[in-house]
Amino acid sequence: RNPPKKLKENRVRKTYETEEDRKREQETVNHIQKYMGDMKISPSLPYSYTVDRAVIINADIRAWLEIKCQQYKLEYYTLPEYWLSLRKANEGIQWARVTKRPFFLIATFSDVGVRFTEITLDCLQNYKIEYGGRTRTQRDAEDQELILKIPVDNFYKIEELKERIQ
């Protein structure tokens, strides 16, 4: 799930996801799965799908998931927003609109554990959108981009996710 990202003029962006990142994501998936009953979380979807995973019941897709495994405390986001790439948000929303299945952002924090929020077209229309991104840990020019600023108050305990999908 970790091919290089295509950029303008057929340039390829280096991919920064590490084996440790993939391990943390799988640990998060394993944690979520405990609360999902007969719903299963798919293996990583092909890179071209943009979203990380799907929620499935008997091969039927019920929801789309983007999973972020931060090593920060939620209180780190005293801004008080969580940032998500606008491109990622838009593509997840497009999957949701086309398939009529919700798109959720899952975030793992070191202090409060796993949380989720639904990302919808209303979010794009009502949340702040700014140019920004990584600054202190910027890896390349592509780390500065349009970002959707999601109010941290809109994140819920992962135990409530199943109810939101049904």
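Scroll up for the structure.
Below is a short write-up of the structure. Treat the numbers as computed from the prediction; the structure is a model and nothing was measured.

## Concerning helix 1 (residues 19–33)
So, step 1. Taking 1.5 Å of rise per residue, 15 residues should cover 21 Å, and helix 1 covers 21 Å from first to last C-alpha, within 8% of that figure.
So, step 2. Contacts made by the buried residues of helix 1 are with strand 3 (40–41), strand 4 (53–57), strand 5 (60–69), strand 7 (103–109), strand 8 (113–118) and helix 4 (161–165).

## Topic: a nonpolar patch on the surface
So, step 1. A surface patch of nonpolar side chains, amounting to about 310 Å² of accessible area, comprises I129, Y131 and L146.
So, step 2. Its place among the elements puts Y131 in strand 9 (residues 128–133).

## So, the pattern of salt bridges
So, step 1. Overall, the coordinates contain 12 salt bridges when judged by the stated rule.
So, step 2. Note that K128 is salt-bridged to E81, the shortest N-O span being 3.1 Å. Of this pair, K128 sits in strand 9 while E81 is found in strand 6 (residues 81–85), placing the two residues 47 residues apart along the sequence.
So, step 3. Classification of K128 by relative accessible area gives partly exposed; the value is 46%.
So, step 4. When salt bridges with common partners are traced through the structure, they connect E81, K128, E130 and K149 into a single cluster.

So, how was this worked out
Residues numbered from 1 in each chain as written. Predicted model: local features only at pLDDT ≥ 70, side-chain atom pairs only at ≥ 80, totals over all residues. Heavy atoms only, no water. Helix = DSSP H or I, 4+ residues; strand = E, 2+ residues; numbered from the N terminus. Expected span 1.5 Å × (residues − 1). Contact = heavy atoms within 4.5 Å. Patch = residues over 30% accessible without salt bridge, like charges linked within 9 Å, V, L, I, M, F, W, Y side chains within 5 Å. Areas by Shrake-Rupley, 256 points an atom, 1.4 Å probe, with all protein chains shown as cover. Salt bridge = Lys/Arg side-chain N within 4 Å of Asp/Glu carboxyl O. Buried < 20%, exposed > 50% of the residue type's maximum accessible area, 1.4 Å probe, protein only.

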